[in-house]
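Residue-level structural notes
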Amino acid sequence: MNEEKKMDCYLLVDFGSTFTKLTLVSKDRQDIIAKSKSYTTVETSVIEGYEKAKSEMLKYLKCKEDINIIKTLCCSSAGGGLKIVTIGITPSYTVEATKRVVMGAGGRIVASFSYYITDEDLEIIKKTDYDIILLSGGTEGGNKSYILANAKKLAEHMVEKPIVVAGNSNARNEIKKIFKNYGIKAFYTENIMPDTDKINPYAAKEVIREIFMNLITKANGMNEVAKHVGEILMPTPTAVLNAAVLLSKGTEKTKGLGELIIVDVGGATTDVHSISNPVIDISYKQEGLEEMVEKRTVEGDLGMRYSSIGVYQSGSKILKEKVNAKEKCIKRFKQTSFIPEDKEEREFDELLASECVEIAVKRHAGTIRQGYLNGQNVYIQNGKDLRNIKYIVGTGGAIINSANYRKIISSCIKNESKRLIPKNSEILLDREYILSAMGLLSTEDSELALNIMIKKN
């Protein structure tokens, strides 16, 4: 076949913690033409798993057409993804702001500290498996004593991993002197909470992403990925968030679906992404840190296998009254590769998944309460209002592989008086597990990525 007749394609690669997943998209056909996966070979070199998956994919296509891969785009959560320690002042403000920045950057929090950190806190940090410390504190022109003291404490303990400083800029020069004197590697960016109740996540997220790009090459074989496959553009959760934003907002040419939630139930965590206006009723008085249109939360105690005991502990009365429920959860925790074979075990997995969805969305959502202000009764909102969410998109193996996926996803749709959860949403399914791939593709061709997602849902 002549070169000019080859089919132009994008190869989208997700180096996951368990599987390396490949998706081949035809630019000419405007569709996915092949998918494959192989175990992520972190122990040796991730290139091995990639090459095996690619070989299987091309073998499948060999008799059909010649493929011209015009671009390979990669994301990764190999090695547990991007792990971050956060340090702020008050738990409800600067510490909460650091958490939202981390989630938005595609990371996960492995430890969080507030006010003045202690020597005991530093010992905990040293024993924690993390990649970056995000240090914040103080609004612009406000308090700087906490962030200065915490910077000095980190320096005195000779913390070796990168520190992102994203607090009161009035303290920056002093912090630079402290870290320079101790030889501490630090990156400086805009204050993530420039004013009370206000959050500024974007500059810090970009700094974290750049550090991640450098760190990821240290994983076994990741330096070879950059040389021979393609640059790791972002953490996998960021790719999923990109897909959520695109699916919701659309492009200049194609209208998106509107306000939506993506719920991803995994073996260890349940992730929730929402793209929506955080305030529906402007008569409500807002309390706490302002919410973002694009929000991601990760529940580390809600998962189908590694976190199944956490689901039991947080779960409803319905779960706990199931016969041998605790024993079934312990079994899944101990046998993380367990696959249900009979009806009873499949139904229990579906119940577990429903609990993950319901609890995770409740935690993601805000609350409403009655209060008294300036001589009148008012409603006070804390957190994000999800009541007008139009679509809920389910993803993750526990949902995708279930015949009762609608029942699982709809477990979070209720008309509650005190919690601002979805009350009348339509159910969609990421049938082919393509959200991270489409988030990657959106960096090159957002129109193509959007059209594929709409077609597949």
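Rules used in this analysis
- Residues numbered from 1 in each chain as written.
- Predicted model: local features only at pLDDT ≥ 70, side-chain atom pairs only at ≥ 80, totals over all residues.
- Heavy atoms only, no water.
- Helix = DSSP H or I, 4+ residues; strand = E, 2+ residues; numbered from the N terminus.
- Rg over C-alpha atoms; globule rule 2.2 N^0.38 Å.
- Contact = heavy atoms within 4.5 Å.
- Lys, Arg positive; Asp, Glu negative; His and termini not counted.
- Charge placed at Lys NZ, Arg CZ, Asp CG, Glu CD.
- Pairing = 2+ DSSP bridges.
- Axes fitted to C-alpha atoms, helices over the stretch in contact; angles between N-to-C directions.
- Buried < 20%, exposed > 50% of the residue type's maximum accessible area, 1.4 Å probe, protein only.
- Arc of directions from axis to C-beta.
- Domains from an automatic or database assignment.
- Buried area = accessible area lost by both parts, 1.4 Å probe.
- Salt bridge = Lys/Arg side-chain N within 4 Å of Asp/Glu carboxyl O.
- Polar contact = N/O pair within 3.5 Å; in protein donor to acceptor, adjacent residues only side chain to side chain.
- Core = buried A, V, L, I, M, F, W, Y, C linked by side-chain atoms within 4.5 Å.

**As for the overall build of the protein chain**
- Check the secondary structure of the protein chain and you find 16 helices and 18 strands.
- For 457 residues, the compact-globule estimate of 2.2 N^0.38 gives 23 Å, and the C-alpha radius of gyration of the protein chain, at 23 Å, lies within 12% of that figure.
- Put simply, 69% of the contacts in the protein chain that link residues at least 6 apart link residues at least 24 apart.
- Each charge sign in the protein chain was given a centre, from 65 positive and 60 negative side chains, and these centres are 2 Å apart.

**Some remarks on the sheet that holds strand E9 (residues 186-188)**
- Here five strands make up an open sheet; going across it, the order is E6-E5-E7-E8-E9 and the pairing parallel. Unpaired on one side and paired on the other, strand E6 (107-113) and E9 mark the two borders of the sheet. Across this sheet, the average inter-strand angle for adjacent strands is 25 degrees, counted without regard to direction.
- Sitting on the sheet, helix H2 (residues 94-104) is in contact with strand E5 (82-87), E6 and strand E7 (132-135), with an inclination near 160 degrees to E6.
- Contacts from helix H3 (residues 119-127) reach E5, E6 and E7, with the element oriented near 155 degrees to E6.

**Looking at the pairing of strand E16 (residues 376-382)**
- Pairing geometry for strand E13 (residues 285-287) and E16, over three bridges, is parallel. Bridge pairing in E16 links Glu287 to Asn382.
- Pairing analysis gives seven bridges linking strand E15 (residues 367-373) to E16, with the strands arranged antiparallel. Of the residues in E16, the one forming a bridge with Gln370 is Tyr379.
- Connecting E15 to the antiparallel partner E16 that follows it, the hairpin turn spans two residues, and Asn374 within it adopts a positive phi of roughly 50 degrees.

**So, the sheet that holds strand E18 (residues 426-429)**
- What the five strands build is an open sheet, ordered E14-E12-E11-E17-E18; its pairing is mixed. Each edge of the open sheet is held by one strand with a lone partner, namely strand E14 (294-299) and E18. Each neighbouring strand pair of the sheet contributes to a mean axis angle of 20 degrees, computed without reference to strand direction.
- Judged from the four bridges that link them, strand E17 (residues 391-395) and E18 form a sheet pairing that is parallel. Across the sheet, Val393 pairs through a bridge with Leu428, a residue of E18.
- Here helix H12 (residues 343-364) sits on the sheet in contact with strand E11 (260-265), strand E12 (270-275) and E14, set at roughly 45 degrees to E12.

**Thoughts on helix H11 (residues 325-334)**
- Of all the residues in H11, the buried ones are Ala325, Lys328, Cys329 and Arg332. Around the axis of H11, the buried residues are gathered within 100 degrees of arc, so they sit on the same side.
- Summarising the contacts, the buried residues of H11 are in contact with helix H9 (308-314), helix H10 (317-320) and H12.

**Things to note about the domain arrangement of the protein chain**
- For the protein chain, the assigned domains are domain 1 (7-79 + 220-230), domain 2 (82-216) and domain 3 (236-456).
- The distance between the C-alpha centroids of domain 1 and domain 3 comes to 28 Å.
- With 17 residues of domain 1 in contact, the opposing surface of domain 3 contributes 17 residues.
- Of the roughly 1,500 Å² buried between domain 1 and domain 3 on both sides combined, carbon and sulfur atoms contribute 62%.
- Run the count over domain 1 and domain 3 and you get two salt bridges.
- One salt bridge in this structure joins Glu444 and Lys71, with 3.3 Å as the shortest N-O distance.
- Seen at the junction of domain 1 and domain 3, the total is five residue pairs in polar contact (both at pLDDT 80 or more).
- Where the side of domain 1 that touches domain 3 is concerned, the elements lending two or more residues are strand E1 (7-15), strand E2 (19-26), strand E3 (31-39) and strand E4 (67-76).

**Digging into the side chain of Thr251**
- As for its position among the elements, Thr251 is in the loop between helix H8 (236-249) and E11.
- For Thr251, a relative accessible area of 19% gives the class buried.
- Among the polar contacts made by the side chain of Thr251, one reaches the side chain of Glu447 at a distance of 2.5 Å.

**A word on the nonpolar core**
- With 39 residues, the main nonpolar core has Leu24, Leu134 and Ile208 as its most contacted residues.
- Looking at this core element by element, the count peaks at six residues for helix H6 (residues 202-216).
- Taken domain by domain, the makeup of this core includes at least three residues from each of domain 1 (7-79 + 220-230) and domain 2 (82-216).

**Remarks on the pattern of salt bridges**
- Under the criterion given, the structure shown has 30 salt bridges.
- Across the pair Glu345 and Lys331 runs a salt bridge whose closest N-O atoms are separated by 3.7 Å. Note that Glu345 is positioned in helix H12 and Lys331 in helix H11, a separation of 14 residues in sequence.
- One connected set of salt bridges, linked through shared partners, spans Arg305, Lys328, Lys331, Arg332, Glu344, Glu345 and Asp349.

**Focus: the pairing of E14**
- Counting buried positions over the six residues of E14 gives five, a clear majority of the element.
- Inspection of the sheet shows E12 paired to E14 by six bridges, in the antiparallel sense. Its bridge partner being in E14, Ser274 is matched across the sheet by Lys295.

**Overview of the environment of Lys317**
- Along the chain, the position of Lys317 falls in helix H10.
- Here the alpha-carbon distance between Lys317 and Glu347, two residues 30 residues apart in the chain, equals 16 Å.

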